[in-house]
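# Reading the structure
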Amino acid sequence: MSGRQWYKAIFAGYKRGLWNQREHTALKLEGVYARGDTNFYLGKRCAYVYKAKNNTVTPGGKPNKTRVIWGKVTCAHGNSGMVRAKLHSNLPTKAIGHRIRVMLYPSRV
């Protein structure tokens, strides 16, 4: 099967109040500009893929520097196509403004 199996999104920032910051995220999906269009992406898995200094073991392959922080799209955020996601561990600050992959699974169709 050719083509990528994920959709492009940008990590917009942390969920925060006046004093507290929660490292849940707000994602901007590319090409989605209305709240109703975000329904398709709710429940989908998301991944922040990055390179680290040291090699780590990968299942079924050679050790490499690539690492992933997994999460899930939880709900819409506002009326302009933003969504919230809950990640298994906190995203680093350097991820703000960078690519998040929203996988096209699990399917609810």
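You'll find the structure just up there.
The present account deals with the structure reproduced in this document. (Residues numbered from 1 in each chain as written. Predicted model: local features only at pLDDT ≥ 70, side-chain atom pairs only at ≥ 80, totals over all residues. Heavy atoms only, no water.)

## Details of the nonpolar core
Among the nonpolar cores identified, the biggest contains 18 residues, and Phe-11, Leu-27, Leu-29, Leu-91, Ile-100 and Val-102 are the most heavily contacted of them. Residue assignment for this core shows that the elements contributing at least two residues are strand S1 (6-16), strand S2 (21-29), strand S3 (45-56), strand S4 (64-77), strand S5 (82-87) and strand S6 (99-103). Other than its neighbours up to four places away in sequence, Val-102 contacts Trp-6, Tyr-7, Ala-9, Leu-27, Leu-29, Tyr-41, Lys-44, Arg-45, Cys-46 and Val-73. (Core = buried A, V, L, I, M, F, W, Y, C linked by side-chain atoms within 4.5 Å. Buried < 20%, exposed > 50% of the residue type's maximum accessible area, 1.4 Å probe, protein only. Helix = DSSP H or I, 4+ residues; strand = E, 2+ residues; numbered from the N terminus. Contact = heavy atoms within 4.5 Å.)

## A look at the pattern of salt bridges
Enumeration over the complete set of coordinates arrives at one salt bridge. Across the salt bridge formed by Arg-99 and Glu-30, the nearest N and O atoms sit 3.0 Å from each other. A residue pair is termed long-range when its members are at least 10 positions apart, and Arg-99 in strand S6 and Glu-30 in the loop between S2 and S3 qualify at 69 residues. Residue class for Glu-30 comes out partly exposed when judged on its relative accessible area of 34%. (Salt bridge = Lys/Arg side-chain N within 4 Å of Asp/Glu carboxyl O.)

## Quick notes on a nonpolar patch on the surface
The grouping of Phe-40, Leu-104 and Val-109 at the surface amounts to a nonpolar patch, some 330 Å² of accessible area in total. Given the relative accessible area of 36%, Leu-104 is considered partly exposed. (Patch = residues over 30% accessible without salt bridge, like charges linked within 9 Å, V, L, I, M, F, W, Y side chains within 5 Å. Areas by Shrake-Rupley, 256 points an atom, 1.4 Å probe, with all protein chains shown as cover.)

## Focus on the side chain of Thr-38
Checked against the element boundaries, Thr-38 lands in the loop between S2 and S3. Overall, Thr-38 belongs to the buried group, its relative accessible area being 0%. Every residue in contact with Thr-38, bar those within four places of it in the chain, is listed here: Val-32, Ala-76, Gly-81, Met-82 and Val-83.

## Structural notes on the environment of Leu-42
Along the chain, the position of Leu-42 falls in the loop between S2 and S3. On the basis of relative accessibility, which here comes to 21%, the residue Leu-42 falls in the partly exposed class. The spatial distance from the C-alpha of Leu-42 to the C-alpha of Val-83 is 8.3 Å, given a sequence separation of 41 residues. For Leu-42, the contacting residues outside a window of four places in its chain are Val-73, Thr-74, Cys-75, Ala-76 and Arg-108.

## Structural notes on the state of the cysteines
Going through the model one piece at a time under the given rule, you end up with zero disulfides. Note on Cys-46: no disulfide assigned, nearest cysteine sulfur contributed by Cys-75 at a separation of 12 Å. (Disulfide = S-S within 2.5 Å.)

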